[in-house]
Each structure stands twice: as C-alpha cells, then as structure tokens.
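Analysis of the macromolecular model
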Amino acid sequence: MDRYHDQAPRTSSFTEFLAASKPELLPRSLGQADLTAATAADGPGARTGLELEHGTTIVALTFADGVILAGDRRATLENMISKRDVRKVFRADDFSAIGAAGVWSIAVELIRLFQVELEHYEKMESRQLSLIGKANRLAALIRGNLAVAMQGLVVVPLFAGYDEDTGTGRIFSYDPAGGPTEEQRYSAVGSGSIFAQSALKKLYVDNMPLGDAVLACVQALYDAADDDSATGGPDLARAIFPVIATVTADGFAWVTDEEAAGYARTVVEDRFLSPDGPKAFPGAGAPR
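Residues numbered from 1 in each chain as written. Predicted model: local features only at pLDDT ≥ 70, side-chain atom pairs only at ≥ 80, totals over all residues. Heavy atoms only, no water.

Some words on the overall build of the protein chain
Summing up its helical and strand segments, the protein chain has 9 helices and 13 strands in all. Across the 288 residues in the protein chain, those meeting the buried criterion constitute 51%. By sequence separation, contacts in the protein chain at least 24 residues apart represent 65% of the contacts at least 6 residues apart. Within the structure as shown, the protein chain displays about 13,800 Å² of accessible surface, and the carbon and sulfur contribution to it stands at 51%. (Helix = DSSP H or I, 4+ residues; strand = E, 2+ residues; numbered from the N terminus. Buried < 20%, exposed > 50% of the residue type's maximum accessible area, 1.4 Å probe, protein only. Contact = heavy atoms within 4.5 Å. Areas by Shrake-Rupley, 256 points an atom, 1.4 Å probe, with all protein chains shown as cover.)

Focus: the packing of aromatic side chains
Enumeration according to the criterion identifies 5 aromatic pairs in this entry. Aromatic ring contacts, followed pair by pair, group Phe-114, Phe-159 and Phe-172 into a single cluster. (Phe/Tyr/Trp six-rings, centres within 6.5 Å; stacked < 30°, edge-to-face > 60°.)

Side note on the pairing of strand β10 (residues 180-183)
Strand direction decides the pairing type here: strand β9 (residues 168-174) and β10, joined by 4 bridges, are antiparallel. If you follow Tyr-174 over to β10, its bridge partner there is Pro-180. From the end of β9 to the start of β10, which pair antiparallel, there are 5 residues, and Gly-178 there has a positive phi angle of about 95 degrees. (Pairing = 2+ DSSP bridges.)

Focus on the side chain of Arg-170
Take Arg-170: it is sitting in strand β9. Those residues in contact with Arg-170 that lie beyond four places of it in its chain are Thr-62, Val-67, Leu-131, Ile-132, Phe-159, Ala-160, Gly-161, Asp-163 and Glu-182.

Some words on the pairing of strand β13 (residues 251-254)
Both strand β12 (residues 243-248) and β13 contribute to a ladder of 4 bridges, which runs antiparallel. Counted as the bridge partner of Thr-248 is Gly-251 from β13. Once β12 ends, the chain turns through 2 residues before running back antiparallel as β13.

With respect to the sheet that holds β12
Strand order in the open sheet formed by 5 strands is β11-β2-β3-β12-β13, with antiparallel pairing between adjacent strands. Both outer strands of the open sheet, β11 (186-189) and β13, are each paired with one neighbouring strand and no more. Averaged over all pairs of adjacent strands, the angle between their axes in this sheet comes to 15 degrees, without regard to strand direction. Summarising the sheet, strand β3 (residues 66-71) and β12 pair through 6 bridges and their orientation is antiparallel. (Axes fitted to C-alpha atoms, helices over the stretch in contact; angles between N-to-C directions.)

Pasting the structure below:
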C-alpha cells in the first residue's frame, strides 16, 4: 500500500485516493460495461433482465435528544419475498447513521464505501467531518452511481446524524442523482415511504422523548407494511423486528433487539383494538 500511497496525491477522500492509486479496487457493483451491453438494444432506462433484490422502507425522525433511523427487514425479488431479516440501517460513524432503499447489492457497497470515506477523512485530517460535510460527501458518492441509476439500478439513502455545532439531530434525503435535501422533523424513503410519512405526519410531536419517538417510527413502519407489499411488518412468530438506531450527543447507539421487540409488540397489540392505528391528536404517538 505504501508504494501506491507514494504515487498518489495526498487526499482526505478515500475514493479519490483509490481511484488514483488502484482504480480496479473501486466497487463496481455489477460492472458498468455489462450493464451498458445489457441495455444497449433498448436504450437508457430499459430493464436489464437481471433479477436484483430490493430493500425498503426506512424512516427517520428527530426527537428531543437527537435523531432516530429505523428500517423494516424485508427484501424483495420482483414480486417475491427474498429475505425477511435484512438489516437496512447502519452506523456511518460515531455521530451519524445511514439507511438505504433500492437495489440492495449496490446499496450495501455504497454504504460500506461511505463508512470508509468518513474513517479515512478522520485519519488524514485528525478530526471528523462536520455533519453537513458528511452529507455532501455522501451526495458525491451517489452522483458517482448516476450512470447505473439511469439504467434502473437506483439506490436512495437516508442519512441522519447529530450536529455537534447546533446540538440537534438532522436528516438528509437524496434523489437518485445525489441531490441532498435537509428534511425537517421526519422523513422516509422506499416503496412504503408515502404511507410511513403519512403516519409520521399525524404522530409527530416536537421534542418527543425517546420512547415516544421510537414508537412513532415503529407505528409508521407498520402502516407502510399494511399498504405496501414490499415492506415487512413485525414478525412475532420469527422474532423479526425493525432495526432502530439513535444518534445523540452521546453518539450512535442501537436500540436493542429486546427493546425493538417490546415496541413492536405494543404496536401489534394496539392494532387489535384500533386496526388503522392511533388517530391524529397531540401526543398520539405516546405509549399508553
């Protein structure tokens, strides 16, 4: 590695360093040339004929102490359920988290590269990027996937973190071309996002305590699963529950599987009494 390091310019970007020193090691999820050949006959945007797993749905919500990121566990292959226990939420670094919907193999590679980008920057500069800097670095990685995205292999991340400068949790969503948008209060991505956002709209309360905020996210994922076949709800029989992470002034932390199970069981039990979920009124997301 030292030989390549001497040849390449010093840069805080791991992607730039690798591109200059050893470009063949950069992730190429399915191979650009192969995709181009697969779609050449039908033009841009045509189906590749490849059967690829897709993952959905991810939600994010700010609360009194920071921000929460949560995701369902289902992956689909065309109209089939391919996996029931996928983890779609990841630690990005000490003060941020990332989830992604879309083509799962590409999403995983993009997230891993983003994690290395942040670690490389910290080692080179002896400090962490600002939260805005992290959001912009992720945007650049997504833009690097644009050619593949135009052929239908889209990845749509949701990025959230704790901003040490403002003392608040912040959420960033992206379009397939990498355009970042800061979301206020809550957001969702994936095929079930429209249903999840509708649920969050009626459940969200400013400065929610942690328990209420986690429960609101689980309620939103349940509503998404209720109307979107690609989103998986809590599976009590198999003990499969949403993956949930928080980011606060104390850093990144997982909500444990046992805690997630408790929230999920609360939501399922409430749905026996109110199948459509809690009504829209102040404090509706709070547990009884």
